[in-house]
Amino acid sequence: MTPELRAILDRFMYEQATVTHIVMPLPAEGAERVVDGTGWTIRQLVAHFADSQEGYAAAVGRWLAGEPVEPAGFDRDRTNAETARANAETPLPELLVRLRKSLRALSAAFHAIPDERLAEPF
């Protein structure tokens with residue numbers, strides 16, 4: 001893995017650690033707080049982060065396979081709204097597990113990228 005790609009992965013790891021550090025000490029009702037400007041609760045935002053990392057890992061896999069990075073008919077707004085709706089009551093510890101797993105999936109996807117492919121458009 002090139003240093004540049006490693007730096008991107010390191011940033012994802014840093015951001016995940018920050019989110020985890022912020023939400024772990026929340027009281028039980030803390031996950032219900034709405035994040036200013038989003039209309040989403042903290043739990044929905046954590047679900048969005050996990051969903052995004054899963055999507056990035058899948059997109060890298062499609063790119064490596066020579067497929068379109070975004071699946072046909074992909075609608076970002078619809079996907080985000082569905083993630084928020086589907087996770088409105090998901091327990092925060094479950095979402096943090098999903099967040100950790102999604103980072104591992106993203107790391108594996110990044111490690112699968114051959115250095116020579118990095119000059120290609122994504």
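Here, every reference points to the structure presented above.
Residues numbered from 1 in each chain as written. Predicted model: local features only at pLDDT ≥ 70, side-chain atom pairs only at ≥ 80, totals over all residues. Heavy atoms only, no water.

## Brief notes about the pattern of salt bridges
Put simply, the rule reads: The rule for a salt bridge is simple: a side-chain nitrogen of Lys or Arg has to be within 4 Å of a carboxyl oxygen of Asp or Glu. Helical segments are the DSSP runs of H or I of at least four residues, strand segments are the runs of E of at least two, and each set is numbered from the N terminus. When a residue's accessible area, from a 1.4 Å probe over protein chains only, is under 20% of the maximum for its type it is buried; when over 50% it is exposed; and in between it is partly exposed.
According to the stated counting rule, one finds eight salt bridges in the structure shown. A salt bridge links E32 to R43; the nearest nitrogen and oxygen atoms lie 2.1 Å apart. You can see E32 sitting in the loop between α1 (3-23) and α2 (42-64) and its partner R43 sitting in helix α2, a full eleven residues away along the chain. Owing to a relative accessible area of 40%, E32 belongs among the partly exposed residues under this scheme. For R43, a relative accessible area of 8% corresponds to the buried category. Because the salt bridges share partners, they merge into one network encompassing D51, E54 and R98.

## Remarks on the layout of surface pockets
Selection rule: Every definition here rests on a 1 Å grid over the protein atoms only: cavities are sets of points where a 1.4 Å probe fits but cannot get out, pockets are open sets enclosed by protein on both sides within 12 Å along at least five of seven lines, and lining residues have some atom within 4 Å of a point. Grid points are joined across faces, edges and corners, and a volume is the space filled by probe spheres set on the points. Each residue is assigned to one of three groups, with Ala, Val, Leu, Ile, Met, Phe, Trp, Tyr, Cys and Pro labelled nonpolar, Asp, Glu, Lys and Arg labelled charged, and all others, Gly among them, labelled polar.
Volume-wise, the largest pocket comes out at about 480 Å³. Of all elements in the fold, only α2, α3 (76-86) and α4 (92-111) reach the threshold of two or more residues within the lining of the largest pocket. Top element by residues in the lining of the largest pocket is α2. It accounts for nine residues. Considered as a void within the structure, the second largest pocket measures approximately 160 Å³ in volume. In terms of lining residues, the second largest pocket is bounded by R11, F12, E15, Q16, V19, F49, S52, Q53, Y56 and L99. For the lining of the second largest pocket, the elements supplying multiple residues, two or more each, are α1 and α2. No other element matches the five residues that α1 contributes to the lining of the second largest pocket. Here the residues of the lining of the second largest pocket sort into five nonpolar, three polar and two charged.

## Notes on the nonpolar core
Generally speaking, soluble globular proteins have nonpolar side chains that are buried together. Stated precisely, the cut-off is as follows: Residues belong to one nonpolar core when they are buried, are Ala, Val, Leu, Ile, Met, Phe, Trp, Tyr or Cys, and are joined through side-chain atoms within 4.5 Å. Note on contacts: a residue pair qualifies if any of its non-hydrogen atoms lie within 4.5 Å across the two residues.
Ranked by size, the top nonpolar core spans eleven residues in total: V19, V23, A31, I42, V46, A47, A50, L92, L95, L96 and L99. The set of elements that each furnish at least two residues to this core consists of α1, α2 and α4. Residues in contact with V19, not counting those within four places in the same chain, are V46, F49 and L99. By size, the runner-up hydrophobic cluster in this structure holds ten residues, among which are L9, A57, V60 and I113.

## A look at the packing of α2 against α3
Our working rule: Every axis corresponds to a line fitted to the C-alpha atoms, with the helix fit spanning only the stretch in contact, and the corresponding angles, defined between N-to-C directions, vary from 0 to 180 degrees. Convention used here: angles under 35 degrees read as roughly parallel, angles over 145 as roughly antiparallel, angles from 65 to 115 as roughly perpendicular, and any remaining angle as oblique. Note: crossing handedness is left-handed where the near helix turns anticlockwise from the far helix by less than a right angle, and right-handed where it turns clockwise.
Two elements in contact, α2 and α3, have axes whose closest approach is 9 Å; the angle formed by their N-to-C orientations is 130°. Classified by the interaxial angle, the pair formed by α2 and α3 is oblique. At the point where α2 passes α3, the crossing takes the right-handed sense. Where α2 abuts α3, its residues Q44, A47, H48 and D51 lie against T79, N80, T83, A84 and R85.

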